[in-house]
There are 4 protein chains.
Amino acid sequence: MQHELTKEIQGEYSYGIGPYKEPVLRIEPGDTVAVHTVDAFEGKITSESVKPSSIATLPFVNPLCGPIWVDGAQPGDVLAVDILSIQPVGPQPRGVTCLQKYFGLLSPTASSLSEPFPEIVKRVNVTNEGIFWSEEIVFPYEPFVGTIGTAPRVATINSLTPDNHGGNMDLPDVTPGSTIYLPVRAEGGLLYLGDIHACQGDGELCGVAIEMASLTEIKINLIKDLPLAWPRLEDEDRIMSIGSSKPLEDAVKIAYNDLIHWMVDSYGFDKWDAYFILTQAGRVRIANVVDPLYTAGAWIDKRYLKSGK
Amino acid sequence: MQHELTKEIQGEYSYGIGPYKEPVLRIEPGDTVAVHTVDAFEGKITSESVKPSSIATLPFVNPLCGPIWVDGAQPGDVLAVDILSIQPVGPQPRGVTCLQKYFGLLSPTASSLSEPFPEIVKRVNVTNEGIFWSEEIVFPYEPFVGTIGTAPRVATINSLTPDNHGGNMDLPDVTPGSTIYLPVRAEGGLLYLGDIHACQGDGELCGVAIEMASLTEIKINLIKDLPLAWPRLEDEDRIMSIGSSKPLEDAVKIAYNDLIHWMVDSYGFDKWDAYFILTQAGRVRIANVVDPLYTAGAWIDKRYLKSGK
Amino acid sequence: MQHELTKEIQGEYSYGIGPYKEPVLRIEPGDTVAVHTVDAFEGKITSESVKPSSIATLPFVNPLCGPIWVDGAQPGDVLAVDILSIQPVGPQPRGVTCLQKYFGLLSPTASSLSEPFPEIVKRVNVTNEGIFWSEEIVFPYEPFVGTIGTAPRVATINSLTPDNHGGNMDLPDVTPGSTIYLPVRAEGGLLYLGDIHACQGDGELCGVAIEMASLTEIKINLIKDLPLAWPRLEDEDRIMSIGSSKPLEDAVKIAYNDLIHWMVDSYGFDKWDAYFILTQAGRVRIANVVDPLYTAGAWIDKRYLKSGK
Amino acid sequence: MQHELTKEIQGEYSYGIGPYKEPVLRIEPGDTVAVHTVDAFEGKITSESVKPSSIATLPFVNPLCGPIWVDGAQPGDVLAVDILSIQPVGPQPRGVTCLQKYFGLLSPTASSLSEPFPEIVKRVNVTNEGIFWSEEIVFPYEPFVGTIGTAPRVATINSLTPDNHGGNMDLPDVTPGSTIYLPVRAEGGLLYLGDIHACQGDGELCGVAIEMASLTEIKINLIKDLPLAWPRLEDEDRIMSIGSSKPLEDAVKIAYNDLIHWMVDSYGFDKWDAYFILTQAGRVRIANVVDPLYTAGAWIDKRYLKSGK
């Protein structure tokens, strides 16, 4: 697939998503952008003997590229971002994951009296053919954008937190072939992205997927006057609504409820019918259960959407 | 597929899972049993004009068959139950779902000041070819056992609650071709099952799947001296641990943690390796987010299990 | 205060609350009962060198006295239990608390990969004058009934779990001078109680208060035809509704909502007025955040109840 | 009580807490400041017929005064803010509360399918003698600062969210006579405050206390080199740690755990002893269960702190 790149960005990383920073790039709706991302540790884990706690100092983690200003984007609009391709870059081993002292679903929290977990770093080769974990284990290369979001109107959300602006959702479905819809709340939309994962299990159990630097190509379209409460995603087969909250059931609630509204507003379903149909055929992806808010995506197969009217 | 049935049970439904009731059947390990189940409403929703609140009185809902006494089963053992087949039975429309006043993920709870939801009943034809929801929507026939569990040592758990004994997990993976492992805590194991669903979406959103009466065939094996903390499931491709709790993240925690122990104990993994591998390749099914406790299953593909030693 | 005791019970401890067991005592409404309780460890922690894990085997913990059958009690009625007095009994040191491997709010759970907490036992002298923790610290003697509940209709709940039947609420307000209202769901009411605490902080942080054997006097009255959803409590100054659930906010929700219904039904308030008044003057006690369900009591001072009509 | 006011601020309200805005006042440590606050609705609810939804547009609610720059304050320091006095100001009725469509513990959320709650406004006279709710109900005047916090290092938190910077905690203990300790994370500390409540019940049930404009006097001291993870509070009798999170049990966990560290670091307790003592004598205030994160304060009476060494 050959994309004509109109714009390119790299460097000047940001640790917050908000209207506080000058755009690093200004584009027209419909433009394609090649984004050179660094990994979530900014490339500082240069060997397996580096302690994550020695190089990652909160809140200076999960660096993002952006903001990208989209001409004409106004509060109440939507950025529709097509994920075109994600290429791993840099010398091998390009992929890194690690165990941290107080991070991850099964780890003690800093607010417990337990001993911290050991710090363990694992670096792996990543190619388009796979992630070479060990001689016997090769994970499929299923890359996605871990963090992508638009600026809120007033506040600036740190780059680790997902919420109704998108952000650090760690949702494996934000992958080439999909389009993510993000609400515009500040003028220009102000899109940030980064935190590319070569693959990830549901929930991102220990808190760190296979992190890597990448060349990520996206196309940014603008949809006028579609005020979304939460991000949405679409691919060839599915429509998905995305919620982020704690506890996890609240994220599922937000996602399913938004999906009902989508079915009602865009496909003509009665709301109780939509509720019934999702009960029988809805699907849920647990994206992360480790970040400051947890993320779930609820989707329905498009074959069930024909009969809404 | 032809199964030689050695035993058969039906009638005499139970609304609790516990050691309080005389066994309705006594079997040897390895026996196959044909279980004639009624639907979760005991067949009382005979038309779409029946109000669920008029026929379902707590705690007399979700009737189960059992208990089945397994000779030789002692606390610390495991019942390994193969799900052989599930056939819909009874005159059409055999399948029923409904909206209830105060039940379901998006519904108000009885502890809110909001108005209840409307009571709506929907009955549908169910065959091995599909669930005929409307002219345009046919859901695939993907039947499973919604409730299956063994008796606790002392207490008797109502048939609506899933917990570490199994119970009302509403997990679509308990389907023909799978084996569910249930901890024995009372002498004889005392297996109960029922609540067959013709299909169900993740989470069982409105709280009621496509409920139906069935002829369900299971084979019950006994594994001695394997004290399980929580139920587990296995099929051709996967091993899955199952947790039930609230909030939902605790169910996910229980499931993933048990899966790590399984990988360590049975496949020789180091515990931190297992934690890492599940981070990259673990999968989670949200079974229910509507019952008194929520259920999640975490699994790993067997192709990643070869290298544990 | 002199009470004429009509009945007395002791021994034959129960580890479940349910209709499964023959009454140990049958009384008339209005009778007073002297209950000889053992501590939550059944008196087995006889020195500070005893490991709790060596003597407390689940589910055989938190032994209760009962059930007490109340003549005429039918489902839909209420037992109104006056707590008359609680006396510590047995040789000093009578009080015991301990740290357990996997129990308590700040402790790792058995489903974590963390190391367990150390097992530490602390025994203390308890008199009506105080709990003598150390030379410098004396806690006030503020005894209460940790576990008190009525049987559900079908199931039998283990003695560790609080729910809408009461049970192991660990609510310090169940103290002499208060009346607790418990819903009758099985014939005879079937009251169980035990788990007396000499004092306890909010939430019962490490999971074990100052546990002690006691002579506890109660008076049991019967209120006909008052179907309660959850337990309630009353003393000279306050009315309190009690919820048990997870997460903790659900327990608070249940309690406040029930209190609104109480204000509406018994004191003539409009429901929105009650909601407003509790917003400004409601109070919440966190009873426990360590048991299988968490318990909260929400109350309002009686001086605000005069103007409901 | 006569305070010599060195500084005064009012106007120029802020809807975020962060380093994004120029200080409105620069002070020396030890200075006293008179802060003229508006109510949480910026005074726009001028009669009981105003619909809150017509005047409060997210995120432009809960206006704060600030930031106040404190000379010499560096990341790792603490601002110790004494609350000196809080006076109600403006013409009567000065106090306002209201019911909103989708806000409050018992209200439906915007993510439910339920109907919204009615919008009801209630305005009341507030004096130092009380809050005159009705002819029969007078709530005591117990004013406090609902929102007070310091800027994070990178992000800007909206004024509705409490977190480890303080913020919209809605904690009734931030009242005259108390000192709140807030971590400095950005240079100058950058203190914001507002959202004064004339009184409030535990949890702030419907989400809106008795809101009022005020003249609030505070004294700001600087403690060098005391890196706090979470806010703390102290008054004559108690030390209190404050956590904000969801679910509510996590806020309680954070607060109790921080309190243990405080007892260990400042009073010489062994950590297990502190855990034990809080189990028997700790107290918890539920501040809010309605904001984006919930807040709890855990405290211990100072009389138990003498024996730590």
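First things first, this report covers the structure right here in the doc. None of these values were measured; they are calculated from a predicted model.

1. What about the pairing of strand S8 (residues 120-127) of chain C?
Residues and elements named next belong to chain C.
1) Next: The pairing of strand S7 (residues 95-99) with S8 spans five bridges and is antiparallel. Across the sheet, Gly95 pairs through a bridge with Val124, a residue of S8.
2) Next: Of the pairings in the sheet, the one linking S8 to strand S9 (residues 130-132) comprises three bridges and is antiparallel in character. By the bridge assignment, Val126 is partnered in S9 with Ile131.

2. What about the relation of the copies chain B and chain A?
1) Next: The two copies are related by a screw motion: chain B maps onto chain A through a turn of 180° and a shift of 0.0 Å along the axis, at an RMSD of 0.0 Å. In the structure described here, the two chain copies are related by an operation that fits a two-fold rotation axis. Identified as the residue of chain B closest to the rotation axis by C-alpha distance is Leu248 of chain B, at 2.8 Å.
2) Next: Interface overlap between copies is the fraction of interface residues in one copy that are interface residues in the other; for chain B against chain A it reaches 100%, indicating a shared surface.

3. Quick look at the interface of chain B and chain A
1) Next: Taken together, the 54 residues of chain B in the interface contact 55 residues of chain A.
2) Next: When chain B packs against chain A, close to 4,800 Å² is buried across both sides, 70% of that on carbon and sulfur atoms.
3) Next: On the chain B side of the interface with chain A, the three residues burying the most area are Tyr275, Phe276 and Gln280 of chain B, jointly 17% of the side's total.
4) Next: Scanning the region where chain B abuts chain A turns up four salt bridges.
5) Next: Where chain B packs against chain A, one counts 24 residue pairs in polar contact (both at pLDDT 80 or more).
6) Next: Put simply, the parts of the chain that give the side of chain B that touches chain A at least two residues each are strand S7 (95-99), strand S10 (138-139), helix H2 (248-267), helix H3 (271-281) and strand S20 (283-288) of chain B.
7) Next: The leading source of residues in the side of chain B that touches chain A is H3 of chain B, at eight residues.

4. A short note on the packing of aromatic side chains
1) Next: Scanning all chains against the criterion turns up 28 aromatic pairs over all chains.
2) Next: Pairwise contacts between aromatic rings join Trp133 and Phe139 of chain A together with Phe276 and Tyr304 of chain B into one cluster.
3) Next: Here Arg238 of chain A stacks its cationic end above the ring of Trp299 of chain A, 4.7 Å away from the centre of that ring.
4) Next: In this arrangement the basic side chain of Arg26 of chain C is found over the ring face of Trp69 of chain C, its NZ or CZ atom lying 4.8 Å from the centre.

5. Digging into helix H2 (residues 248-267) of chain D
Spacing of three or four residues puts side chains on the same side of an α-helix, whose turn is 3.6 residues.
Residues and elements named next belong to chain D.
1) Next: Along its 20 residues, H2 runs 28 Å from first to last C-alpha, staying within 8% of the 28 Å computed at 1.5 Å per residue.
2) Next: Counting buried positions along H2 gives 14 out of 20 residues, so the element sits mostly inside the fold.
3) Next: Once H2 finishes, Gly268 follows within two positions and takes phi at roughly 75°, a positive value.

6. Description of the sheet that holds strand S17 (residues 214-223) of chain C
Residue and element names in this part refer to chain C.
1) Next: Spatially, S1-S4-S17-S6-S15-S18-S19-S21-S20 is the arrangement adopted by the nine strands of the open sheet, whose pairing is mixed. Among the strands making up the open sheet, the edge pair consists of strand S1 (7-10) and strand S20 (283-288). When the angles between neighbouring strand axes are averaged without regard to direction, this sheet yields 25°.
2) Next: As paired strands, strand S6 (residues 78-88) and strand S15 (residues 179-183) are joined by five bridges and run antiparallel to one another. Bridge pairing in S15 links Val78 to Pro183.

7. So, helix H3 (residues 271-281) of chain C
1) Next: Of all 11 residues making up H3 of chain C, nine are buried, and the element is well covered by its neighbours.
2) Next: Within the span of H3 of chain C, buried status applies to Trp272, Ala274, Tyr275, Phe276, Ile277, Leu278, Thr279, Gln280 and Ala281 of chain C.
3) Next: Packing partners of the buried residues in H3 of chain C comprise helix H2 (248-267), S20 and strand S21 (294-301) of chain C together with strand S7 (95-99), strand S8 (120-127) and strand S10 (138-139) of chain D.
4) Next: Two or three places before Trp272 of chain C, at the opening of H3 of chain C, Asp270 of chain C has a side-chain oxygen 2.9 Å from that residue's backbone nitrogen.

Quick notes on the rules
- Residues numbered from 1 in each chain as written.
- Chains lettered and ligands numbered in written order.
- Predicted model: local features only at pLDDT ≥ 70, side-chain atom pairs only at ≥ 80, totals over all residues.
- Heavy atoms only, no water.
- Pairing = 2+ DSSP bridges.
- Helix = DSSP H or I, 4+ residues; strand = E, 2+ residues; numbered from the N terminus.
- Least-squares fit on C-alpha atoms with pLDDT ≥ 70 in both.
- Contact = heavy atoms within 4.5 Å.
- Buried area = accessible area lost by both parts, 1.4 Å probe.
- Salt bridge = Lys/Arg side-chain N within 4 Å of Asp/Glu carboxyl O.
- Polar contact = N/O pair within 3.5 Å; in protein donor to acceptor, adjacent residues only side chain to side chain.
- Phe/Tyr/Trp six-rings, centres within 6.5 Å; stacked < 30°, edge-to-face > 60°.
- Lys NZ or Arg CZ within 6 Å of the ring centre and 35° of its normal.
- Expected span 1.5 Å × (residues − 1).
- Buried < 20%, exposed > 50% of the residue type's maximum accessible area, 1.4 Å probe, protein only.
- Axes fitted to C-alpha atoms, helices over the stretch in contact; angles between N-to-C directions.

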